[in-house]
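# Per-entry structural report
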Amino acid sequence: MKKWMDRMAIRAILKLRQWEEDEEGMEIIQVLILLALGVGLVAIFIGFSDQITGAVGSKMDEFMNIFGA
């Protein structure tokens, strides 16, 4: 029975170490995904910057007119 328990403990330790090694790779993948999302948002903003700034400008004008009147 003790040998079986020892084998199970060794297997658990090996699986834990393997999981830790796999996690290190996942951090890099997560950073790359976040970087890709950031670059995508920048590209969208650059592509639609005129429309975005126009919409924000018109909303600001409306907001300022409410307090100016």
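Structural notes, computed from the coordinates. All of these numbers come straight from a predicted model, not from anything done at the bench.

A count of helical and extended segments in the protein gives two helices and zero strands. In terms of overall dimensions, the protein is more spread out than a globule: its C-alpha atoms have a radius of gyration of 27 Å, far above the 11 Å expected for 69 residues. Its C-alpha atoms give the protein principal-axis dimensions of about 85 × 25 × 10 Å. Taken over 69 residues, the protein has a buried fraction of 0%. Accessible surface, the protein: about 6700 Å² in total, of which carbon and sulfur atoms supply 70%.

On the surface, a cluster of positive charge is contributed by Lys-3, Arg-7, Arg-11 and Lys-15. Its place among the elements puts Arg-7 in helix H1 (residues 2-47).

Okay, the environment of Ile-29 next. You can see Ile-29 is positioned in helix H1. On the accessibility criterion, Ile-29 (41% relative accessible area) is partly exposed. Through-space distance from the C-alpha of Ile-29 to that of Arg-17 is 19 Å; in sequence the pair is 12 residues apart.

To continue, consider the packing of aromatic side chains. Taken as a whole, this structure holds one aromatic pair when the rule is applied. Pairing Phe-63 with Phe-67 gives two aromatic rings, centres 5.0 Å apart and planes at 75 degrees, and the pair type is edge-to-face. With Phe-63 and Phe-67 both in helix H2 (residues 49-68) and four residues apart, this pair spans about one turn of that helix. You can call Phe-63 partly exposed: its relative accessible area is 44%.

The rules we used
Residues numbered from 1 in each chain as written. Predicted model: local features only at pLDDT ≥ 70, side-chain atom pairs only at ≥ 80, totals over all residues. Heavy atoms only, no water. Helix = DSSP H or I, 4+ residues; strand = E, 2+ residues; numbered from the N terminus. Rg over C-alpha atoms; globule rule 2.2 N^0.38 Å. Buried < 20%, exposed > 50% of the residue type's maximum accessible area, 1.4 Å probe, protein only. Areas by Shrake-Rupley, 256 points an atom, 1.4 Å probe, with all protein chains shown as cover. Patch = residues over 30% accessible without salt bridge, like charges linked within 9 Å, V, L, I, M, F, W, Y side chains within 5 Å. Salt bridge = Lys/Arg side-chain N within 4 Å of Asp/Glu carboxyl O. Lys, Arg positive; Asp, Glu negative; His and termini not counted. Charge placed at Lys NZ, Arg CZ, Asp CG, Glu CD. Phe/Tyr/Trp six-rings, centres within 6.5 Å; stacked < 30°, edge-to-face > 60°.

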